[in-house]
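The residues making up each chain are set out below.
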Amino acid sequence: MSKKTLVVGTLILTGASFITRILGFIFRIFLSQVMGAEGMGLYQLIFPIYMLAWAASSAGVSLAVSKKVAEYNAQKRYQDSIKVLQAAISLALLICIPISLFLFFFHESIAIYFVHALDTSLSIMLLGTCLPFMATSCCVRGYFQGRQEMSIPATAQVIEQVARMIIIYFIAGSMVPYGLEYACAAAMLGLCGGELISCLFTVFMYHRSKRGVRLRTSKLTYSAVFSSIFYMSLPITANRFLTSILHSVENILIPMQLEKFGLNHSEALSLFGMYSGMAMPLLLFPSMLTGSLSVALIPSISEAKAMSNEAQLQKTVSLSIQLSSIIGIGACGLFLSLGDEIAAATYGNNMRDVGYILKLLATICPFFYLQGILNGILNGLGLQKLTFQGNIIASVLCIVLILVLVPQSGLVGFTIALLIQAGVATCYHLYHALASILLPVDIIGWMIKPGLAIGFGSVAIRYIYDGVLNQIFTMRIATIIAISLLGIFYITFLFMFKCITKEDIQAFIR
């Protein structure tokens, strides 16, 4: 796959991610107004269950489809790509249907003994009904990603978010008055409806893509394809599943440990809701570009490796790491300098605590963003076991630190735990990614120059905001202008420090 194809695919996914995240913020603002911070905290407690089910049934299988389809397409073996998808859907459904039945029939026990919140029981039962649609949709998206047809998964992503919002908008009014349990169930019904509609769209596009295409008879047997996908997806699935379990433990522990810090149950749940349901979506908003690039990198690197193109591998990986560092360090400076204003502009002045959380978590951005890119690189290189090892080590360390630090220091202790977790995982993955393709570390270009650029830009924008913008415009307009100006300052300083050059841009596009 050419660099141009990688860039186009990344831009398509980024555009879709931008639209869905904007819609997602509108959705979360609506939910926060309807459910409050405590309701948001309860809703976020359900997501670990969702992520566990997704990791077990879809995560590894979808990535395996993307990798195998990219390899077969590079060899013009289109009929084998279709057989891969069919076998993958069978495998995903074989895994997810028992999970669906388990969630449906044991929802109350899961809510009591695992989530420690009985009000999530109805939502967990509803979640079980949508897993087969989610698994099928993930496999078909992986098929199109492997074919470099990023517009299909991108469109499905937007359709899913729009459907979710429309469903919740129409049912929230009739369910929210019955309490938090039904408010969360309304949100889960929206999620399930979005998954169903997205699944129908991707399946329709798959059948449409086959029309008029003459395919040769595949020489691969279904048993061979099934076995290949199973063994390729196994380490990825184990990685995602175990890290999801550990992440679930983290999320469940946070409210419990905050109560030990001195907060009552409602206060702890509200603070958790502000962290996970309000601050984190803002913190990760700029990651739409790095997340899209990570998805596009997997088939790109798989193809380059299959063709033994070491030069393309090194250039692609180097520019991808540099881009993620620039975005992550820029996001860090943005939230440190304008965190309070961004939170108030998004959720209102009554949610200024979200701004405090944003500023606490800002230092994690460079690690979070780089870690996502490194996962894509290692998966593309076939080194899934290394991502598994790094994520497990970092997550176990984070859980230990949550148990030790949060009862003593509250949210500050949790921030330290997250920072150490992200730092350990990122350094581990970076070392193995660079060693596998013999790429040297560029500390000055990847870290120091972007840090200086955002530092100068942040100081300048703080003076401009306090001395000029805040005096002339409303808070929301002043914040939007300040973010735009900071972006201009940052890019300007990046070019001045030669962290980005015209040649870099041309090399990435070609």
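Since this is a predicted model, take the numbers as computed values, not measurements.

**Observations regarding the confidence of the model for the protein chain**
When pLDDT drops low, the exact placement of atoms in the prediction is not to be read closely. Taken over all residues, the pLDDT of the protein chain has a mean of 79, while the share at 70 or more is 85%. For the protein chain, helix H17 (residues 502-509) is the element with the lowest average pLDDT, namely 58, and helix H16 (residues 475-496) is the one with the highest, namely 88.

**Looking at the packing of helix H12 (residues 365-380) against helix H13 (residues 384-409)**
Running from amino to carboxyl end, H12 crosses H13 at an angle of 145 degrees, the nearest separation of the two axes being 7 Å. Mapping the contact onto sequence places Gln-371, Asn-375, Leu-378 and Asn-379 in H12 and Gln-384, Thr-387 and Asn-391 in H13. For the contact of H12 with H13, a count of residues per class yields one nonpolar, six polar and no charged.

**Description of the environment of Leu-52**
Its location among the elements puts Leu-52 in helix H1 (residues 3-74). Classification of Leu-52 by relative accessible area gives buried; the value is 12%. For the pair Leu-52 and Arg-240, spaced 188 residues apart in the sequence, the C-alpha separation amounts to 8.0 Å. Non-local contacts of Leu-52, meaning those with residues more than four positions away in its chain, are made with Phe-114, Phe-241, Ser-244, Ile-245 and Ser-248.

**Quick notes on the layout of surface pockets**
Each pocket or cavity is described by its volume, and for the second largest pocket that value is around 320 Å³. If you go around the second largest pocket, you meet 13 residues; those closest to its centre are Ser-325, Pro-366, Phe-367, Leu-370 and Met-447. Among the elements of the structure, helix H10 (310-347), H12, helix H14 (411-437) and helix H15 (443-472) are those that each provide at least two residues to the lining of the second largest pocket. Grouping the amino acids of the lining of the second largest pocket by side-chain chemistry returns 10 nonpolar, three polar and no charged.

**Side note on the pattern of salt bridges**
Scanning the model with the defined rule gives five salt bridges in all. Here Arg-164 ties to Glu-160 by a salt bridge, and the two come within 3.1 Å at their closest N and O atoms. Here Arg-164 pairs with Glu-160, and both are found in helix H5 (residues 151-175), just four residues apart, close to one helical turn. Glu-160 sits in the buried class, given a relative accessible area of 10%. The residue Asp-340 makes a salt bridge to Lys-359 at a minimum N-O spacing of 3.3 Å. With a gap of 19 residues between them, Asp-340 in helix H10 and Lys-359 in helix H11 (residues 352-361) connect regions that are remote in the sequence. The exposure class of Lys-359 is partly exposed, given its relative accessible area of 33%.

**Here we look at the nonpolar core**
Core analysis: the biggest nonpolar cluster contains 120 residues, and Tyr-43, Ile-229, Tyr-275 and Phe-335 have the highest contact counts within it. Top element by residues in this core is H1. It accounts for 17 residues. Look past the residues within four positions of Tyr-275 in its chain and what remains in contact with it is Ile-254, Met-280, Ile-357, Leu-361, Phe-414 and Leu-418. Core analysis: the second largest hydrophobic core is formed by 15 residues, Val-317, Leu-370, Leu-378 and Leu-439 among them.

**Structural notes on a nonpolar patch on the surface**
Together, Tyr-356, Ile-393, Leu-397, Val-412, Ile-416, Ile-420 and Val-424 give the surface a local cluster of nonpolar side chains, amounting to about 530 Å² of exposed area. Among the elements of the structure, H13 and H14 are those that each provide at least two residues to the nonpolar patch. Per-element tally for the nonpolar patch: the top contributor is H14, with four residues. Among the secondary structure elements, Ile-393 is positioned in helix H13.

**Focus on helix H7 (residues 222-261)**
With 40 residues, H7 extends 55 Å from end C-alpha to end C-alpha; this agrees with the ideal 58 Å at 1.5 Å per step. Along its length, H7 reaches its greatest deviation from straightness, about 40 degrees, at Leu-234, and the proline Pro-235 lies no more than four positions downstream. Looking one or two residues past H7, Gly-262 carries a phi angle of roughly 130 degrees, positive in sign.

**Some points on the packing of aromatic side chains**
A complete count under the given rule lists eight aromatic pairs for this structure. Relative to Phe-414, the ring of Tyr-275 lies with its centre 4.9 Å away and its plane at 85 degrees, an arrangement referred to as edge-to-face. On the criterion of sequence distance, the pair formed by Tyr-275 in helix H8 (residues 265-283) and Phe-414 in helix H14 is long-range, its members being 139 residues apart. A relative accessible area of 5% means that Tyr-275 is categorised as buried. With a centroid separation of 5.7 Å and 40 degrees between ring planes, the pair formed by Phe-456 and Phe-493 is classed as tilted. Here Phe-456, found in helix H15, pairs with Phe-493, found in helix H16; they are 37 residues apart in sequence, far enough to count as distant. For Phe-456, a relative accessible area of 47% translates into the label partly exposed. The partly exposed category is assigned to Phe-493, whose relative accessible area is 21%. Through a chain of ring-to-ring contacts, three or more aromatic side chains come together here, namely Tyr-143, Phe-144 and Tyr-206.

So, how was this worked out
Residues numbered from 1 in each chain as written. Predicted model: local features only at pLDDT ≥ 70, side-chain atom pairs only at ≥ 80, totals over all residues. Heavy atoms only, no water. pLDDT = per-residue confidence, 0-100. Helix = DSSP H or I, 4+ residues; strand = E, 2+ residues; numbered from the N terminus. Axes fitted to C-alpha atoms, helices over the stretch in contact; angles between N-to-C directions. Contact = heavy atoms within 4.5 Å. Nonpolar A, V, L, I, M, F, W, Y, C, P; charged D, E, K, R; others polar. Buried < 20%, exposed > 50% of the residue type's maximum accessible area, 1.4 Å probe, protein only. 1 Å grid on protein atoms, 1.4 Å probe; cavity = no way out; pocket = protein on both sides within 12 Å on 5 of 7 lines; lining within 4 Å. Points joined across faces, edges and corners; volume = space filled by probe spheres on them. Salt bridge = Lys/Arg side-chain N within 4 Å of Asp/Glu carboxyl O. Core = buried A, V, L, I, M, F, W, Y, C linked by side-chain atoms within 4.5 Å. Patch = residues over 30% accessible without salt bridge, like charges linked within 9 Å, V, L, I, M, F, W, Y side chains within 5 Å. Areas by Shrake-Rupley, 256 points an atom, 1.4 Å probe, with all protein chains shown as cover. Expected span 1.5 Å × (residues − 1). Bend = angle between axes of the 7 residues up to and from the residue. Phe/Tyr/Trp six-rings, centres within 6.5 Å; stacked < 30°, edge-to-face > 60°.

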